[in-house]
Amino acid sequence: MVSGKRIVREILDRHPSRCREVLCSATSLQELPLPQHLPVFRLDATLFQRIDIVGTASPILICDAPEYPSASLSRPPDGLEVLCPFGDPNNLGTVMRSCAAFGVQRLILLKEAAHPFHPKAIRASSGMAFDQALYAGPAIAELLKPEISQWIVALDLNGENISTWECPEHIRLLVGEEGLGLPNGAFQQTLTIPQAPTLDSLNAATALSIALFTYRQRFPL
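All values reported here derive from a predicted model rather than from experimental measurement.

Undergrad: Which parts of the structure should I look at to understand the overall build of the protein chain?
TA: When helices and strands are counted, the protein chain shows six helices and nine strands. Seen through its principal axes, the protein chain has C-alpha atoms that stretch 55 × 40 × 30 Å. The 221 residues of the protein chain split such that 47% are buried. Relative to all contacts within the protein chain whose residues are 6 or more apart in sequence, the contacts with residues 24 or more apart total 76%. As displayed, the protein chain offers around 11300 Å² of accessible surface, 50% of which is attributable to carbon and sulfur atoms. Positive and negative side-chain charges in the protein chain, numbering 18 and 22 respectively, have mean positions lying 6 Å apart.

Dropping the structure here:
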């Protein structure tokens, strides 16, 4: 379910073949470039309000969600890859938007992650959920296997200062879930972002964006 007038317009324009129908209340169908073949279902206002979990009060576009394959993590990374366990769909949406902006080749969603096509994730990604290359990954615990962990660089409170980091072109970045973080000492390669000592940690999605920007300074798009 795609919510928000701007995002709905963009998905209709970029991915028309995935669009199936529109849900609206009797008063919410406003100016939208609707294809003639697209069915429109007008719902009772109370029912529509229950379905509109994002709360935009504008028509909801129903789309087919792209399938995404499983990733083989025992192989070395190919370009810029990200491992994400975010269970909050809003945080996951923010990550998808950042990954699209910085040209991440593969966003690998761990089993702890929210569904990338949850309505809140789609809205927070500004529709980039349909454009970012997504892959399914294992649970965080499985990343500790030596044949997998050897390829991982983890963002942590302790590690090499990211400002002096000589990042490789082929990298698999891991960021911990908000609040839970990562197991202490689990990964050999760790990076930390310098910050004021009065702050416990950055928002995980923000920290990942800084790491992606740092990578792109060395390897521009």
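Undergrad: How should the sheet that holds strand β5 (residues 106-109) be read in this particular structure?
TA: Sheet strands pair by backbone hydrogen bonding; their relative direction is either parallel or antiparallel. Pairing is parallel across the open sheet formed by six strands, whose spatial order is β6-β5-β4-β8-β7-β9. Since the sheet does not close on itself, it has two edges, and those belong to β6 (134-136) and β9 (189-192), each with one partner. Across the sheet, the mean angle from the axis of one strand to that of its neighbour is 35 degrees, orientation sign disregarded. Sheet topology places strand β7 (residues 152-161) next to strand β8 (residues 171-174); three bridges connect them, and they run parallel. Bridged to A154 within β8 is L174. Relative to strand β4 (residues 80-84), helix α6 (residues 204-218) is tilted by about 170 degrees, and along the sheet it contacts β4, β7 and β8.

Undergrad: In this structure, what is going on with the environment of T214? I would like to understand it.
TA: For T214, the location among the structural elements is in helix α6. On the basis of relative accessibility, which here comes to 15%, the residue T214 falls in the buried class. Each residue touching T214, except ones within four places of it in the same chain, is listed here: I162 and W165.

Undergrad: I keep staring at the packing of helix α3 (residues 89-101) against α6 and nothing clicks. Help me out?
TA: The packing of two helices is summarised by the inter-axis angle and the distance between the axes. Where α3 meets α6, the axes come as close as 10 Å, and the angle between the chain directions of the two elements is 10 degrees. In terms of orientation, α3 and α6 fall into the roughly parallel class. Each of N91, T94, V95, S98 and C99 in α3 lies in contact with α6, whose residues at this interface are A205, L208, S209 and L212. For the contact of α3 with α6, the per-class residue count stands at five nonpolar, four polar and no charged.

Parameters at a glance
Residues numbered from 1 in each chain as written. Predicted model: local features only at pLDDT ≥ 70, side-chain atom pairs only at ≥ 80, totals over all residues. Heavy atoms only, no water. Helix = DSSP H or I, 4+ residues; strand = E, 2+ residues; numbered from the N terminus. Buried < 20%, exposed > 50% of the residue type's maximum accessible area, 1.4 Å probe, protein only. Contact = heavy atoms within 4.5 Å. Areas by Shrake-Rupley, 256 points an atom, 1.4 Å probe, with all protein chains shown as cover. Lys, Arg positive; Asp, Glu negative; His and termini not counted. Charge placed at Lys NZ, Arg CZ, Asp CG, Glu CD. Pairing = 2+ DSSP bridges. Axes fitted to C-alpha atoms, helices over the stretch in contact; angles between N-to-C directions. Parallel < 35°, antiparallel > 145°, perpendicular 65-115°, else oblique. Nonpolar A, V, L, I, M, F, W, Y, C, P; charged D, E, K, R; others polar.

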